[in-house]
Amino acid sequence: MKSNKEVFKKLTECGCCDRCILRFFREKKYYQYASIAVVRKRLEEFIDDTPTALKEEICDSKNENEIINEKIEEPPFKKHLKSPCSACLGLLEEQHLSEGLNKLLTTINESGHKFSVLTLQLSVPPSIDLRQHLLLLFLRENFSDFYNTVSDEDVPSVKDAWKWVVGNKLGDALKIDFSPTSDFQINVQVSHSDVELECEFLEKLSPETFPNRRLKNLKNKRRQKNVEVFTRSAVLRALSVIPEDKLKLNTTFPPQVTSFPCQYENISCTHSPLYLAGRYNKYSRELCQTPWLIEGEKKMETSVQDLIVDVVKKFIVTDKIVFSSSGREDVDVRMLGEGRPFVLELQNPRSRDVSQEFINKIEKAINGSTSEIAVRDFQDVRKEDVHMLKEGEEEKRKTYSAICVMNRPLTKEDIEQLKTLKDLVIQQKTPLRVLHRRPLAVRERIVYEMSAEKIDEHRFQLSLSTQAGTYVKEFVHGDFGRTVPHLGSILGAETDIMELDVQCIDLHWPPKKI
């Protein structure tokens, strides 16, 4: 029966590094990968029949503090081996790990992020998955007693081993803990120059698993440049459907040692978004809710969004702020009462440690910077609660106040008639004024109740409560018969609207600050 020592020797001959040999021994305890000294000690335990000989074979590190035996001469094979590991492409070797750790620390320090815990995300070239699969097939072929039932999932991945090693070292350097649910994430993208060269045979054997192959031949060079044919998911799909004998016959088996190690292509730091919610009042009839852009040019100097976001940016450094609200009002419509609920999504903030006291300062600064709007109940909310902003958008009520004009005087009978109308169902065809940006459709809406108060001979104040999404202006003047019935048809007169205010939005979110 073959021994673990023979497995070790065969993997060494294939050009595998110590950590990858430990992976193929299916070691899943993360702390066994922490340092090269620990790795070698664990390998000795696997090969307990000749520990001294093993020490001499694997003791090739230049770090004297990690050498198990003192001054052991490296064997001839190790002396001339300068190529990166054939399994991890150098990613788990000491020099590459040190390089990665230094780049991570530099990126973190330069990013300006503040955090107490973090998580690591690593993207590796798909050729690493291919190589692991081929090496496992090689072990099955040569050591069936040990590997006949072992699958790719049984062998710790290069990604996991890298995170175990780098995570431990990074935690020591920064004096922080790791958590898979951390709001702060370091994203590391690793590339290799020979991915296409190594994986192209898979496309020939299983073209249907590479859907992007059609795009790479497009004449549109701009599109072709961004197309990635050999994605990790496509390579894994191919490996799951191509028979083992075809894999062995169509590539170097076991995978040959390459001359070029992996490269750290991109390292970035991101915080999960921070959500700040509140309610705003708009007091101007010459202010749009969001920037009004036509062909990239602003048509109005500012907006509700600008007045809020520009102040928040002075307090919190972030990549981008996305503004969302529960509906919107027209430029010439005021938002009164308790205001309209809104939320800001702050993408990749440099710090998520914001107290309510700090947010109150931002609210005060917004309100002190303009007389056109005001913000209230400004607070930090959870991502899970943001859906409340849009929930029930078609069902919730809105209350309006409008100054209307009629071509005849409003009578007491008119006032009484409007009072008696409850749950009036109307049909509204998409208004002419918004037809350029909204699809043509007929929408059924409900006017729950109305009341009117005479101002002078021809003007009156109309108060009404409607289903969200009701076009109130069109309900008043009819929009050339596109809203049926409308106020004019009910009163038997020509009616129009002079001013409109939103008085209340029946959405109790975010909660009022105590």
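Along each chain, residues carry numbers from 1 onward, in the same order as the chain's sequence is written. Reporting in this predicted model follows two pLDDT cut-offs: at least 70 for local features of residues, and 80 or more for side-chain atom pairs to be given and counted; totals over whole chains, interfaces and linings ignore these cut-offs and use all residues. Excluded from the side-chain calculation are hydrogens and water; included are all heavy atoms of the structure.

Salt bridges are defined by distance alone: a side-chain nitrogen of Lys or Arg within 4 Å of a carboxyl oxygen of Asp or Glu. Going through the model one piece at a time under the given rule, you end up with 28 salt bridges. Of the charged contacts in the structure, one is a salt bridge between Arg459 and Asp456, with a shortest N-O distance of 2.8 Å.

Once that is clear, we can look at helix α6 (residues 94-111). In this description a helix means any DSSP run of H or I spanning at least four residues, a strand means any run of E spanning at least two, and both kinds are numbered starting from the N terminus. By this rule, a helix spans an expected 1.5 Å times one less than how many residues it contains. Across its 18 residues, α6 extends 26 Å between first and last C-alpha, which sits within 8% of the 26 Å expected from 1.5 Å per residue. Here the term buried applies to any residue with accessible area under 20% of the maximum for its type, exposed to any over 50%, and partly exposed to those in between, with areas from a 1.4 Å probe on protein chains only. Within α6 the residues assigned to the buried category are His96, Leu97, Gly100, Leu101, Leu104, Leu105, Thr107, Ile108 and Ser111. Taken together, the buried residues of α6 touch α2 (18-24), α9 (158-174), β3 (184-191) and β4 (263-271). Positive phi shows up at Gly112, right after α6, with a value of about 80°. We call two residues in contact whenever any of their non-hydrogen atoms come within 4.5 Å of each other.

Moving on, we come to the pairing of strand β1 (residues 117-123). Note that β1 and strand β2 (residues 177-178) share two bridges and pair parallel. Bridge pairing in β2 links Val117 to Asp177. Strand pairing is assigned whenever DSSP identifies at least 2 bridges connecting the two strands. Relative to β3, β1 runs parallel, the two sharing five bridges. Across the sheet, the residue bridging to Gln121 is Asn187, located in β3.

With that settled, the discussion passes to the nonpolar core. The biggest cluster of nonpolar side chains holds 59 residues, and the ones touching the most others in it are Ile308, Leu344 and Phe378. Residue contacts for Leu344: discarding those within four places in its chain leaves Leu274, Tyr275, Leu276, Ile308, Val309, Val312, Ile321, Val322, Phe323 and Phe378. Buried Ala, Val, Leu, Ile, Met, Phe, Trp, Tyr and Cys residues form a nonpolar core when they are joined through side-chain atoms within 4.5 Å. Membership of the second largest hydrophobic core comes to 55 residues, among which are Leu11, Ile21, Ile108 and Phe143.

Below, the discussion takes up a nonpolar patch on the surface. Within the patch definition used here, like charges are joined within 9 Å and nonpolar side chains (Val, Leu, Ile, Met, Phe, Trp, Tyr) within 5 Å, considering only residues with over 30% relative accessible area and no salt bridge. A 1.4 Å probe and the Shrake-Rupley method give the accessible areas. Residues count as covered only by the protein chains that appear here. Together, Leu432, Leu435, Leu440 and Phe480 make up a nonpolar patch on the protein surface, roughly 460 Å² of accessible area in all. Accessibility expressed as a relative area gives 79% for Phe480, which makes it exposed.

Where helix α7 (residues 126-142) contacts helix α12 (residues 232-241), the two axes come as close as 8 Å, and the packing angle between them is 20°. By the angle between their directions, the pair α7 and α12 is classed as roughly parallel. Handedness of the crossing formed by α7 with α12: right-handed. Between α7 and α12, the residues in contact are Pro126, Asp129, Leu130 and His133 and Arg232, Val235, Leu236 and Leu239, respectively. Any residue that is not Ala, Val, Leu, Ile, Met, Phe, Trp, Tyr, Cys, Pro, Asp, Glu, Lys or Arg is counted as polar, Gly included; the first ten are nonpolar and the last four charged. Along the lines of polarity and charge, the residues of the contact of α7 with α12 split into five nonpolar, one polar and two charged. Comment: axis = line fitted to C-alpha atoms, over the contacting stretch for helices; angle = value between 0 and 180 degrees taken between N-to-C directions. Orientation is classified from the angle alone, with under 35 degrees giving roughly parallel, over 145 giving roughly antiparallel, 65 to 115 giving roughly perpendicular, and any other angle giving oblique. Should the near helix be turned anticlockwise from the far one by less than a right angle, the crossing is termed left-handed; should it be turned clockwise, right-handed.

What follows covers the sheet that holds β2. Read across the sheet, four strands follow the order β2-β1-β3-β4 without closing on themselves; strand pairing throughout is mixed. The open sheet has two free edges, formed respectively by β2 and β4, since each of these has just one partner strand. Contacting β3 and β4, α6 crosses the sheet at an angle of about 35° to β4. Here α9 sits on the sheet in contact with β1, β2, β3 and β4, set at roughly 145° to β1.

It is the rolling of a water-molecule-sized probe over the atoms that shows where space remains empty. Put plainly, a pocket is an open set of points on a 1 Å grid over the protein atoms alone with protein on both sides within 12 Å along at least five of seven lines, a cavity is a set where a 1.4 Å probe fits but cannot get out, and a lining residue has an atom within 4 Å of a point. Grid points are joined across faces, edges and corners, and a volume is the space filled by probe spheres set on the points. The calculated volume of the largest pocket comes to roughly 990 Å³. Lining the largest pocket are 36 residues; nearest its centre among them are Arg328, Glu329, Asp330, Arg437 and Arg438. Looking at the lining of the largest pocket, the elements that each hand over two or more residues are β8 (320-325), β9 (333-347), β11 (397-406), β13 (442-454), α17 (472-477) and β16 (495-505). For the lining of the largest pocket, the element with the highest residue contribution is β8, accounting for three residues. Of the residues belonging to the lining of the largest pocket, the class tally is 14 nonpolar, eight polar and 14 charged.

Among the residues of helix α10 (residues 195-205), Val195, Glu198, Cys199, Phe201, Leu202 and Glu203 are the ones counted as buried. Contacts from the buried residues of α10 go to α7, α12 and α13 (244-249).

Right, let's talk about unusual backbone geometry for a bit. Here the residue pair Phe253 and Pro254 is connected by a cis peptide bond, since its omega of 0° sits within 30 degrees of zero. Looking at the secondary structure, you find Pro254 in the loop between α13 and β4. With omega at -15°, the peptide bond leading from Val484 into Pro485 counts as cis. Inspection of the secondary structure assignment puts Pro485 in the loop between β15 (483-484) and α18 (487-491). Phi at Asp377 takes a positive value of approximately 55°, unusual for a residue other than glycine. Among the secondary structure elements, Asp377 is positioned in strand β10 (residues 373-381). In this model, Phe480 sits at a positive phi of 55°, which is unusual for a non-glycine residue. In this structure, Phe480 sits in the loop between α17 and β15.

Where β9 meets β16, three bridges bridge the pair, whose relative direction is parallel. By the bridge assignment, Val333 is partnered in β16 with Leu500. As paired elements, β11 and β16 share nine bridges and run antiparallel to each other. The partner of Tyr400 across the bridge, within β16, is Val502.

A pair of Phe, Tyr and Trp rings is counted when the ring centres sit within 6.5 Å of each other, with Trp represented by its six-membered ring. The angle between the planes then sorts it: under 30 degrees is stacked, over 60 is edge-to-face, the rest tilted. On inspection of all chains with the given rule, the structure shows 11 aromatic pairs. With a centroid separation of 4.0 Å and 10° between ring planes, the pair formed by Phe115 and Phe184 is classed as stacked. Of this pair, Phe115 sits in the loop between α6 and β1 while Phe184 sits in strand β3, and the two are 69 residues apart along the sequence. For Phe184, a relative accessible area of 1% translates into the label buried. Considering the side-chain rings of Tyr280 and Phe342, the 6.0 Å spacing of their centres and the 55° angle between planes classify their relative orientation as tilted. Of this pair, Tyr280 sits in strand β5 (residues 274-282) while Phe342 is found in strand β9, placing the two residues 62 residues apart along the sequence. This pair shows no difference in class: Tyr280 is buried, exactly as Phe342 is.

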